[in-house]
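Geometric and topological summary
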Amino acid sequence: MSKILFVLTGADHWTLADGTAHPTGFWADEAVVPYRALKAAGHEIVVATPGGVVPQVDRASLAPEVNGGQENVEAVERGLREMTELRTPVKLAEVDLADFAAVFYPGGHGPMEDLAVDADSGRLLVAALDSGKPLAIVCHGPAALLAAVRPDGTNAFAGYRATAFTNVEEGQAGFAERAEWLLEDRLTEAGVDIRAGEPWAAHVVTDRGLITGQNPASAGPVAEALLKKLG
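Identification of the protein chain as Thiamine biosynthesis protein ThiJ from Streptomyces yokosukanensis is taken from an unreviewed UniProt entry.

So, in structure tokens, the structure goes:
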């Protein structure tokens, strides 16, 4: 059918306000759930990361308590093994958007470290937005929107309705007081119209070609919305 670009963080840590390097990466089921949905619909997946580094899964995303039990952890781990594309990512700087029908960014705290300031990712996002191709982003993935700046200094997504991991959720996860900055705050400052749903409940906001999901529970609904856009 179509080729879908999965852009993943290449970071294995997130630098906190006190300089501590908190181990992280991408959030497992935010990648696995959309991957399975898109592959089941016949789409081809290509993974890209900054520098083409092999992305690291956030080990916290494989804990039983965030997956509803060990049985679900094992299902997610099987999904990661199915994602053979994770082992051979392409370099984000070498991606040609013309090759893809849509772009997807999963979360995890990793994007707060690298994609939030990655110029290659920022250019890709601006190009995707201007092309009208569907762009789906989940949880902390919208940190990448912060790098999507036009030549005049404005954020390309200013004025768009979106959602992302909220300040409330970051606080309940235990990081709000430790973070150098909070995603909801930064996106709002950039002019993005953040629409927050209930903490930890699935919440998806679609505005034109942009599809955003608030948290891990939103990954499946985001994938469904993306499939509808792809027809």
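From this point, things continue past the structure.
1. Let's talk about the nonpolar core
Ranked by size, the top nonpolar core spans 41 residues in total, and within it L5, V103, Y105, L124, L125 and F157 carry the most contacts. Contributions of two or more residues to this core are made by β1 (3-7), β4 (44-49), β6 (102-105), α4 (119-131), β7 (135-138) and α6 (183-189). The element that contributes the greatest number of residues to this core is α4, accounting for five residues. Those residues within four positions of L124 in sequence are excluded, and the remaining contacts are L5, V7, L92, V95, L97, V103 and Y105. Core analysis: the next-biggest nonpolar cluster, separate from the first, contains 29 residues, A31, V76, A219 and V222 among them.

2. What about the pattern of salt bridges?
Summed over the entire model, instances satisfying the criterion amount to seven salt bridges. The shortest N-O distance in the salt bridge between D130 and R150 comes to 2.8 Å. Taken together, the positions of D130 in helix α4 and R150 in the loop between β7 and β8 (161-162) put the pair 20 residues apart, joining distant regions of the chain. Through salt bridges with shared partners, a single network forms among R161, D207 and R208.

3. Describing the packing of helix α1 (residues 28-40) against helix α2 (residues 70-82)
Running from amino to carboxyl end, α1 crosses α2 at an angle of 65 degrees, the nearest separation of the two axes being 9 Å. Classed by the angle they form, the pair α1 and α2 counts as roughly perpendicular. The handedness of the crossing between α1 and α2 is left-handed. Residues A28, D29, V32, Y35 and R36 of α1 pack against A75, V76, R78, G79, L80 and E82 of α2. Across the contact of α1 with α2, the residue classes tally to six nonpolar, one polar and four charged.

4. Observations concerning α4
Over its 13 residues, α4 extends 18 Å from the first C-alpha to the last, a length consistent with the 18 Å expected when each residue adds 1.5 Å. All buried positions along α4 are accounted for by S121, G122, L124, L125, V126, A128 and L129. On its buried face, α4 is in contact with β1, β6 and β7. One side-chain oxygen at the N-terminal end of α4 lies 3.0 Å from the backbone nitrogen of D120; it belongs to D118. Of the residues trailing α4, G132 is marked for its positive phi of about 85 degrees.

5. A word on the pairing of strand β10 (residues 204-207)
Going residue by residue along β10, you find V205 and D207 tucked away on one face and V204 and T206 left uncovered on the opposite face. Bridge count between β10 and strand β11 (residues 210-213): four bridges; the pairing is antiparallel. Looking across to β11, one finds that V205 is bridged to T212. Between the end of β10 and the start of β11, which pair antiparallel, lie two residues, with R208 showing a positive phi angle near 60 degrees.

6. Quick look at unusual backbone geometry
Even without glycine at this site, C139 takes up a positive phi of about 65 degrees. Position of C139 relative to the elements: it lies in the loop between β7 and β8. Residue R208 is not a glycine yet carries a positive backbone phi of 60 degrees. Among the structural elements, R208 can be located in the loop between β10 and β11.

7. Thoughts on the UniProt feature "domain: DJ-1/PfpI" (unreviewed entry) in the protein chain
Feature annotation in UniProt assigns "domain: DJ-1/PfpI" (unreviewed entry) to the following positions: residues 30-228. Structurally, residues 30-228 is divided into 32% helix and 14% strand, and its ends, taken at the C-alpha atoms, are 18 Å apart.

8. Topic: the packing of aromatic side chains
Taken as a whole and judged by the stated rule, the model has five aromatic pairs. Between the aromatic rings of W14 and F175, the centroid separation amounts to 5.5 Å while the plane-to-plane angle is 55 degrees, which identifies the pairing as tilted. One end of the pair, W14, is in strand β2 (residues 13-15); the other, F175, is in the loop between α5 (167-172) and α6, and 161 residues separate them in sequence. Grouping residues by exposure puts W14 and F175 together as buried. Ring pairing ties together the aromatic residues F6, Y35 and F104, which thus form one cluster. The ring centre of F100 lies 5.2 Å from the NZ or CZ of K3, which sits over that ring. Looking at R208, its charged tip hangs above the ring of Y160, at a distance of 3.6 Å from the centre.

Each value, and the rule that gives it
- Residues numbered from 1 in each chain as written.
- Predicted model: local features only at pLDDT ≥ 70, side-chain atom pairs only at ≥ 80, totals over all residues.
- Heavy atoms only, no water.
- Core = buried A, V, L, I, M, F, W, Y, C linked by side-chain atoms within 4.5 Å.
- Buried < 20%, exposed > 50% of the residue type's maximum accessible area, 1.4 Å probe, protein only.
- Helix = DSSP H or I, 4+ residues; strand = E, 2+ residues; numbered from the N terminus.
- Contact = heavy atoms within 4.5 Å.
- Salt bridge = Lys/Arg side-chain N within 4 Å of Asp/Glu carboxyl O.
- Axes fitted to C-alpha atoms, helices over the stretch in contact; angles between N-to-C directions.
- Parallel < 35°, antiparallel > 145°, perpendicular 65-115°, else oblique.
- Left-handed = near helix turned anticlockwise from the far one by under 90°.
- Nonpolar A, V, L, I, M, F, W, Y, C, P; charged D, E, K, R; others polar.
- Expected span 1.5 Å × (residues − 1).
- Polar contact = N/O pair within 3.5 Å; in protein donor to acceptor, adjacent residues only side chain to side chain.
- Pairing = 2+ DSSP bridges.
- UniProt positions renumbered as here; feature names shortened; annotations may be inferred.
- Phe/Tyr/Trp six-rings, centres within 6.5 Å; stacked < 30°, edge-to-face > 60°.
- Lys NZ or Arg CZ within 6 Å of the ring centre and 35° of its normal.

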